Amino acid sequence: MTGRGGAAAGAGAPAEMLYVRFRAAGDGGPDGGRGAPPGEETYEQLLRLLGQFTPVIEALPPDAALADVRGALRYFERDAAGIAELIRLRALAWYGVRCTIGVAGNPLLARMAAQGAAPGEVRRVSGDAVADFLDRKPAAALHGVGPATARALCAYGLDSVGRIAAAPPATLQRILGAKAGRAVYDKARGIDPSPVTPNAAARSIGAEHRFAHDELDPDRRRRALLSLADDLGARLRGSGRAARALTLTVRYADRSTTTRTRRLPEPTAHGPALTDAAYALHAALGLQRARVRSVSLRAEDLCRAELAARQLTFDPAEDKARRIEAAVDRARERFGEAAARPAAKLAQPYSRSAYRGP
């Protein structure tokens, strides 16, 4: 990056922040096809959609949210722009909502990327493109620079972000004051140390498996449920939460669905307990010759794991299973998800879907 000195400081971070703006899919009407903001209920559903990818979500009602997806990249085997594309497609398919998403290294740049994007576009600003991205934008394009501040800067010829970034910090401090001047100087250079602050706990997390072909074999469906329950348990334990209920959704070849929910005897993130509940839900449906397109599990009514009471047991097998589970978690944290998996998952004749459902 040339001509900016230390402009890369704080701005060259990997693009792992998303700013997502939600709009109902437009119909080319007087709003130019941009659509209206979603209703409150739909907005909550969209936040839960983001929660399938990361728990680090800052809701910005009524129509936007910030998400830090650093912890999701390896899990989904995608970069942040790839995750943004999944979010965009699912929001449109499930809720009829068009997402405009900015992807960048910090919240400021992600927000500005979304503001300059076309409706429904995913726009990425990489670390080495920050200076060019900001250079010709008007001063008012910087988040937090209101009309009065923009007029004060323009009165001194500082009418673009590039000119503000090239000005000495002392000049900006004389014009705007010490604190505001320094903040505007940093923003003009793409520097924003503010984190994404979660302001609403996720109420559920979920996962789905879509079969390569309509599935008639109940054993293969059970193996898919084992895989999903194992994944859910790992994600719950990794986030320090436990589930009080489990929901199974089965989608059939004709696109109809059946959903059943079971309250768990006690809040848990234990994989075998979740698997047993999933098997029981599946068996209760009595699917004999059903052609199943996909199965999904959702852990619901979440609570903090330390607040979940656990029934003590004298069964050594139970204690051994929990010790093994803890060892598996440590192995996965160090070596990746494929480091240790249930044997039934290794025998699956199908490939896992990248989808993580609501």
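Residues numbered from 1 in each chain as written. Predicted model: local features only at pLDDT ≥ 70, side-chain atom pairs only at ≥ 80, totals over all residues. Heavy atoms only, no water.

Let's talk about the packing of aromatic side chains
Okay, so step 1: Throughout the structure, instances matching the rule amount to four aromatic pairs.
Okay, so step 2: Judged by centre distance (5.0 Å) and plane angle (35 degrees), the rings of Phe 53 and Phe 76 are tilted. Of this pair, Phe 53 sits in the loop between helix H1 (40–51) and strand S2 (57–60) while Phe 76 is found in helix H2 (residues 73–76), placing the two residues 23 residues apart along the sequence.
Okay, so step 3: Summarising the aromatic geometry, the rings of Trp 94 and Tyr 95 are spaced 6.3 Å apart at their centres and angled 85 degrees between planes, so their arrangement reads as edge-to-face.
Okay, so step 4: Residue classification places Trp 94 among the partly exposed positions, given a relative accessible area of 31%.
Okay, so step 5: Residue class for Tyr 95 comes out partly exposed when judged on its relative accessible area of 25%.
Okay, so step 6: Grouping aromatic residues by their ring pairs yields a cluster made of Phe 53, Tyr 75 and Phe 76.
Okay, so step 7: Across from the ring centre of Phe 133, 4.6 Å away, lies the NZ or CZ of Lys 137, which sits over that ring. (Phe/Tyr/Trp six-rings, centres within 6.5 Å; stacked < 30°, edge-to-face > 60°. Helix = DSSP H or I, 4+ residues; strand = E, 2+ residues; numbered from the N terminus. Buried < 20%, exposed > 50% of the residue type's maximum accessible area, 1.4 Å probe, protein only. Lys NZ or Arg CZ within 6 Å of the ring centre and 35° of its normal.)

Overview of the pattern of salt bridges
Okay, so step 1: Applying the stated criterion to the full structure yields 13 salt bridges.
Okay, so step 2: With a closest N to O distance of 2.3 Å, Asp 63 and Arg 23 form a salt bridge. Taken together, the residues span a long stretch of sequence, with Asp 63 in the loop between S2 and strand S3 (64–68) and Arg 23 in strand S1 (residues 17–24) at a distance of 40 residues.
Okay, so step 3: What makes Asp 63 buried here is its relative accessible area of 14%. (Salt bridge = Lys/Arg side-chain N within 4 Å of Asp/Glu carboxyl O.)

A short note on the sheet that holds strand S5 (residues 122–124)
Whenever strands of a sheet pair, they do so through backbone hydrogen bonds, lying parallel or antiparallel.
Okay, so step 1: Sheet architecture is open: five strands sit in the order S2-S3-S1-S4-S5, paired in mixed fashion. The two strands at the open ends of the sheet, each matched to only one other strand, are S2 and S5. Averaged over neighbouring strand pairs, the angle between their axes works out to 15 degrees when direction is ignored.
Okay, so step 2: Relative to strand S4 (residues 97–104), S1 runs antiparallel, the two being bridged by eight bridges. From the neighbouring strand, Leu 18 faces S4, where its bridge partner is Val 103.
Okay, so step 3: The strands touched by H1 within the sheet are S1, S2, S3 and S4, with S2 carrying the most contacts at an inclination of about 160 degrees.
Okay, so step 4: Against the sheet, helix H3 (residues 80–95) makes contact with S1, S4 and S5, and its axis sits at roughly 170 degrees relative to S4, the strand it touches most. (Pairing = 2+ DSSP bridges. Axes fitted to C-alpha atoms, helices over the stretch in contact; angles between N-to-C directions. Contact = heavy atoms within 4.5 Å.)

Notes on the pairing of strand S8 (residues 257–268)
Both faces of the sheet carry side chains from a regular strand, because those side chains alternate between them.
Okay, so step 1: Inspection of the sheet shows strand S7 (residues 241–252) paired to S8 by eight bridges, in the antiparallel sense. Within the sheet, the bridge partner assigned to Thr 249 lies in S8 and is Thr 259.
Okay, so step 2: Between S7 and S8, which pair antiparallel in sequence order, lie four residues; one of them, Arg 255, sits at a positive phi of approximately 75 degrees.

A look at the packing of helix H10 (residues 218–238) against helix H11 (residues 271–285)
Two quantities define a packed helix pair, namely the angle between the helix axes and the distance between the axes.
Okay, so step 1: In the contact formed by H10 and H11, the axes pass within 8 Å of each other and the chain directions differ by 140 degrees. Like other packed secondary-structure pairs, H10 and H11 cross with a definite hand, here right-handed. Contacts between H10 and H11 pair Pro 218, Arg 221, Arg 222, Leu 225, Leu 226, Ala 229, Leu 232, Gly 233, Leu 236 and Arg 237 from the former with Gly 271, Leu 274, Thr 275, Ala 278, Tyr 279 and His 282 from the latter.
Okay, so step 2: Within the contact of H10 with H11, the residues separate by chemical class into nine nonpolar, four polar and three charged. (Left-handed = near helix turned anticlockwise from the far one by under 90°. Nonpolar A, V, L, I, M, F, W, Y, C, P; charged D, E, K, R; others polar.)

Brief notes about unusual backbone geometry
Okay, so step 1: Of note in the backbone geometry, Glu 77 takes a positive phi value of approximately 55 degrees without being a glycine.
Okay, so step 2: Mapped onto the secondary structure, Glu 77 falls in the loop between H2 and H3.
Okay, so step 3: Phi angles above zero are rare outside glycine, and Asp 301 is one such case at about 50 degrees.
Okay, so step 4: Within the secondary structure, Asp 301 sits in strand S9 (residues 292–304).
Okay, so step 5: For Asp 301, a relative accessible area of 33% puts it in the partly exposed group.

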